[in-house]
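Notes for the structure review
Take a look at the letters that make up each chain.
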Amino acid sequence: MKNPVDTARRRYVLELTAGMLAYAAILIASIHALNAGVPAPWRLAVALAPVVPVVAVFIAIARFFGAIDELQRKIHLEALAVAAGVTALLAVTYGFLEGVGFPKLTAFATYACIMLCWGLAAPFVARRYK
Amino acid sequence: MKSRLRVLRAERDWSQAELADRLGIARQTVVALEGEKYAPSLPLAFKIARLFNATVEDIFDPDPTP
């Protein structure tokens, strides 16, 4: 008998890996194309092309949340709440540091931070239910 | 929330993984339910009760008040 939560986890890891690989490939291709000089009407589309795999990753996350059981969903939602809080705190803190000469970070950093914090927080949140 | 899930599972000689498969939930969720670390939703509580041919009250009991 296949466990649906295990199946959902395996599918999520596969889809996430495929999404991140596609993101890296499209990002590199996009940068090369922009540097090579894409005609003006296409520049915006080429610059935004890496968003497509990011959307695919978000769809994979939504499917994962829909397929896991209620406790696993609760654990991941709590971990995401922690990640959002930590990211907000870090963003505000670093914003003040930028004011005194720290290097400017782009908005990309918040995406990386929230995903990293989610991954780190989930095992700690899960420990409360063991 | 007091739970008799571990006792009922042992009576049927099921592993935690087997019970998880029968309920369509993660094994970690079975661990949390048996360890009384998590109170199930009503739909899950009824699903568990149906699996064991019991009522929800037979399996889960609110903590006794002092």
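Residues numbered from 1 in each chain as written. Chains lettered and ligands numbered in written order. Predicted model: local features only at pLDDT ≥ 70, side-chain atom pairs only at ≥ 80, totals over all residues. Heavy atoms only, no water.

On to the overall build of chain B. Looking only at helices and strands, one finds five helices and two strands in chain B. In chain B, the order of α-helices and β-strands from amino to carboxyl end is β-α-α-α-α-α-β. Taking 2.2 N^0.38 as the reference for a compact globule, 66 residues should give roughly 11 Å; the C-alpha atoms of chain B span a radius of gyration of 11 Å, in line with that estimate. Expressed along its principal axes, the backbone C-alpha trace of chain B runs to roughly 35 × 25 × 20 Å. The burial tally for chain B puts 38% of its 66 residues in the buried class. In chain B, once contacts between residues fewer than 6 apart in sequence are set aside, the share between residues at least 24 apart is 55%. Computing the positive centroid from 10 side-chain charges and the negative centroid from 10, chain B places the two 4 Å apart. (Helix = DSSP H or I, 4+ residues; strand = E, 2+ residues; numbered from the N terminus. Rg over C-alpha atoms; globule rule 2.2 N^0.38 Å. Buried < 20%, exposed > 50% of the residue type's maximum accessible area, 1.4 Å probe, protein only. Contact = heavy atoms within 4.5 Å. Lys, Arg positive; Asp, Glu negative; His and termini not counted. Charge placed at Lys NZ, Arg CZ, Asp CG, Glu CD.)

Turning our attention to the domain arrangement of chain A. Residue and element names in this part refer to chain A. Domains assigned within chain A are domain 1 (1-68) and domain 2 (69-130). The C-alpha centroid of domain 2 is placed 20 Å from the C-alpha centroid of domain 1. At the junction of the two partners, domain 1 supplies twelve residues and domain 2 supplies ten residues. At the boundary of domain 1 with domain 2, total buried surface from both sides reaches about 860 Å², with 69% on carbon and sulfur atoms. Between domain 1 and domain 2 we count zero salt bridges in total. Between domain 1 and domain 2 we count three residue pairs in polar contact (both at pLDDT 80 or more) in total. Of all the secondary structure elements, the ones that give two or more residues to the side of domain 1 that touches domain 2 are α1 (4-36) and α3 (51-67). Here the element with the most residues in the side of domain 1 that touches domain 2 is α3; it accounts for eight residues. (Domains from an automatic or database assignment. Buried area = accessible area lost by both parts, 1.4 Å probe. Salt bridge = Lys/Arg side-chain N within 4 Å of Asp/Glu carboxyl O. Polar contact = N/O pair within 3.5 Å; in protein donor to acceptor, adjacent residues only side chain to side chain.)

All names here are of chain A. Per the stated rule, a full pass over the model turns up zero disulfides over all chains. Between Cys113, a cysteine without a disulfide, and Cys117, which holds the nearest cysteine sulfur, the sulfur-to-sulfur distance is 3.9 Å. Here Cys117 falls in the buried class, since its relative accessible area comes to 13%. (Disulfide = S-S within 2.5 Å.)

Here we take up the pattern of salt bridges. One pass over the full model with this rule turns up nine salt bridges over all chains. A salt bridge links A:Lys74 to A:Glu78; the nearest nitrogen and oxygen atoms lie 3.3 Å apart. One end of the pair is A:Lys74 and the other is A:Glu78, both in helix α4 (residues 70-98) and four residues apart, which spans about a single turn. For B:Arg6, the salt bridge identified is with B:Glu34, shortest N-O distance 3.4 Å. Of this pair, B:Arg6 sits in helix α1 (residues 5-11) while B:Glu34 sits in helix α3 (residues 27-34), placing them 28 residues apart in sequence. Accessibility expressed as a relative area gives 4% for B:Glu34, which makes it buried. One network of salt bridges, with partners in common, ties together A:Arg11, A:Glu15 and A:Arg63.

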